[in-house]
Amino acid sequence: VKVAALVSMKGGVGKTTIAVNMAYEASRTGRRTLLWDLDPQGAASFSLRIKPKVKGGARGLISRRRPVDRAVRGTDFDELDLLPADLSARHLDVVLDGYKRSTARLGRLLADVAGDYDLAVLDCPPGGGLTVEAAAEASDLLLVPTIPTPLATRALDQTHRLLGRARRPPAFVPVLSLVDRRKGLHRVAADDVRKAYPETLTTEVPDALTVERTAVERAPVAVFAPHSRAASMFAAIWDEVEPRL
Ligand SMILES: Nc1ncnc2c1ncn2[C@@H]1O[C@H](COP(=O)(O)OP(=O)(O)OP(=O)(O)O)[C@@H](O)[C@H]1O
Ligand SMILES: [Mg+2]
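Residues numbered from 1 in each chain as written. Chains lettered and ligands numbered in written order. Predicted model: local features only at pLDDT ≥ 70, side-chain atom pairs only at ≥ 80, totals over all residues. Heavy atoms only, no water.

Observations concerning helix α9 (residues 184–196)
Going by this rule: Helix and strand labels come from DSSP, where a helix needs a run of H or I of at least four residues and a strand needs a run of E of at least two; each type is numbered from the N terminus. To estimate the expected span of a helix, count its residues, drop one, and scale the result by 1.5 Å. Each residue's exposure class comes from its accessible area (1.4 Å probe, protein chains only) as a fraction of the maximum for that residue type: buried when under 20%, exposed when over 50%, partly exposed otherwise. The arc in question is the one spanned by the directions pointing from the helix axis to the C-beta atoms. Note on definitions: a residue-residue contact is assigned when non-hydrogen atoms from the two residues lie within 4.5 Å.
Spanning 13 residues, α9 covers 19 Å between terminal C-alpha atoms, matching the ideal 18 Å at 1.5 Å per step. Among all positions in α9, only His186, Ala189, Ala190 and Val193 are buried. Around the axis of α9, the buried residues are gathered within 105° of arc, so they sit on the same side. Elements that come into contact with the buried residues of α9 comprise β6 (141–146), α8 (152–163) and β7 (171–176).

Looking at the nonpolar core
Condition: Residues enter a nonpolar core if they are buried and are Ala, Val, Leu, Ile, Met, Phe, Trp, Tyr or Cys, with the set joined through side-chain atoms within 4.5 Å.
Counting 44 residues, the largest nonpolar core has Val7, Trp36, Leu38, Leu83, Leu106, Leu122 and Leu142 as its most contacted members. If you look at the next biggest cluster of nonpolar residues, it comprises 37 residues, including Leu35, Phe77, Leu82 and Ala225.

Looking at unusual backbone geometry
One non-glycine residue, leucine 178, adopts positive backbone phi at about 55°. In this structure, leucine 178 sits in the loop between β7 and α9.

Points about the packing of aromatic side chains
This is how it is decided: What counts as a ring pair is set by centres within 6.5 Å for rings of Phe, Tyr and Trp (its six-membered ring), and what kind of pair is set by the plane angle: stacked under 30 degrees, edge-to-face over 60, tilted for all other angles.
Taken as a whole and assessed by the stated rule, the structure comprises two aromatic pairs. Relative to phenylalanine 77, the ring of tyrosine 24 lies with its centre 4.9 Å away and its plane at 65°, an arrangement referred to as edge-to-face. Of this pair, tyrosine 24 sits in helix α1 (residues 15–28) while phenylalanine 77 sits in the loop between β3 (73–74) and β4 (80–83), and the two are 53 residues apart along the sequence. With centroids separated by 5.7 Å and ring planes inclined at 45°, the aromatic side chains of phenylalanine 172 and tyrosine 197 adopt a geometry described as tilted. Residue phenylalanine 172 is found in strand β7, and its partner tyrosine 197 is found in the loop between α9 and α10 (209–212); the two are separated by 25 residues along the sequence.

What about the site of ligand 1?
Note the threshold: Residues are counted as near a molecule or strand when any one of their heavy atoms sits within 4 Å of it. Whenever two N or O atoms come within 3.5 Å, that pair is a polar contact, provided that in protein one can donate a hydrogen and the other can accept it, and provided that, for residues adjacent in sequence, both atoms are side-chain atoms.
Of all residues adjacent to ligand 1, which total 17 residues, the nearest are Lys15, Thr16, Thr17, Pro206 and Ala208. At 3.0 Å from an oxygen atom of ligand 1 is found a main-chain nitrogen or oxygen belonging to glycine 12. Within the side chain of threonine 17, an N or O atom sits 2.6 Å from an oxygen atom of ligand 1. Sorting the residues of the shell around ligand 1 by element identifies α1 and α10 as the ones contributing at least two each. Per element, the largest residue contribution to the shell around ligand 1 is three residues, and it comes from α1.

Topic: the sheet that holds β4
Using the following cut-off: Two strands qualify as a pair provided that DSSP identifies no fewer than 2 bridges between them. Axis definition: a line fit to C-alpha positions, over the contact stretch in the case of helices; interaxial angles, taken between N-to-C directions, run 0 to 180 degrees.
Across the sheet, seven strands lie side by side as β3-β4-β2-β5-β1-β6-β7; this open sheet has mixed pairing. The outermost strands of the open sheet, each flanked by one partner alone, are β3 and β7. In this sheet, β7 lies alongside β6 in parallel orientation, the contact comprising six bridges. Considered in β7, the bridge of leucine 142 is made with phenylalanine 172. The strands that helix α6 (residues 105–113) touches are β1 (2–6), β2 (33–37) and β5 (119–123); relative to β2, the one it contacts most, it runs at about 150°.

Let's talk about the pattern of salt bridges
As a reminder of what qualifies: A side-chain nitrogen of Lys or Arg and a carboxyl oxygen of Asp or Glu constitute a salt bridge if their distance falls within 4 Å.
Counted according to the given criterion, the structure contains 10 salt bridges. Two residues, glutamate 242 and arginine 31, come together in a salt bridge whose shortest N-O distance is 2.5 Å. In this pair, glutamate 242 is assigned in the segment after α13 (229–241) and arginine 31 in the loop between α1 and β2, connecting sequence segments 211 residues apart. Ionic pairing is found between aspartate 140 and arginine 168, a salt bridge with its closest N-O pair at 3.6 Å. Here the residue aspartate 140 occupies a position in the loop between α7 (130–138) and β6, and arginine 168 occupies one in the loop between α8 and β7, the gap between them amounting to 28 residues. Within the structure, one salt-bridge network assembled from shared partners comprises Arg181, Arg194 and Glu204.

A word on the side chain of serine 139
Within the secondary structure, serine 139 is located in the loop between α7 and β6. Only 2.7 Å separates the side chain of serine 139 from the backbone oxygen of alanine 135, close enough to count as a polar contact. In this structure, serine 139 is in contact with Val3, Ala4, Ala5, Leu122, Arg168 and Pro170, ignoring residues within four places of it in sequence.

Things to note about the environment of leucine 34
Tracing the backbone shows leucine 34 in strand β2. Given a relative accessible area of 1%, leucine 34 falls into the buried group. It is 33 Å that separates the C-alpha atoms of leucine 34 and aspartate 191, two residues lying 157 residues apart in sequence.

Listed below in structure tokens is the structure:
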């Protein structure tokens, strides 16, 4: 199974929105896909209409006392499953800290279901805690949504220093998010990001109402607005990410 994680130090940059839509696009191209919600806010679970409930909570899941696949839920879509998060996920950092090889733990859980999926997309909480470090260690690729603002490159440098130093460092791939091309500052900052990180995805996620509606419609954009620009944009994102996995 290939693993891609959505990570960023900052909150509210589009991690969950991209995770949901990219996972859906992958599933649509026939990849057996697992979206793993690691955020106690449960926004990815909510967006796919899955009740954010994990029997035994985060502690039970991470302990592997109950099999991981028992916690997995089917979605309305073929080939797309979800591993939900509930509020107990707020203790994930602490729970992981109780294990000797704490940052290897999420990888072990993924290994339990590796045969069932071609792709796992990890929707991380914001920040750089143990959960995010463990997600990075389990990943082949980190997708880092970045709003093009003056300090964007600096934040990327921080994230890169923190997460790019694993034994087997995952590919580090910024994706410009919530971009408003009418703003001069956004255009300048976007260029700065691309210069500093040439591996940044060519496709940008614009600040757009259609994209924002993912959380309102509780479905991927391609489902409620199949002919929109936003839908082809998310398809393009998956097209760019897949060969880098
Ligand atoms: N491209 C976009 N255009 C307009 N609104 C967006 C876009 N992407 C995300 N949003 C909105 O911005 C808010 C934050 O998005 P999202 O939840 O995807 O970010 P996040 O990085 O996962 O946040 P958190 O760090 O809290 O998990 C949500 O209300 C979402 O609907
Ligand atoms: Mg989120």
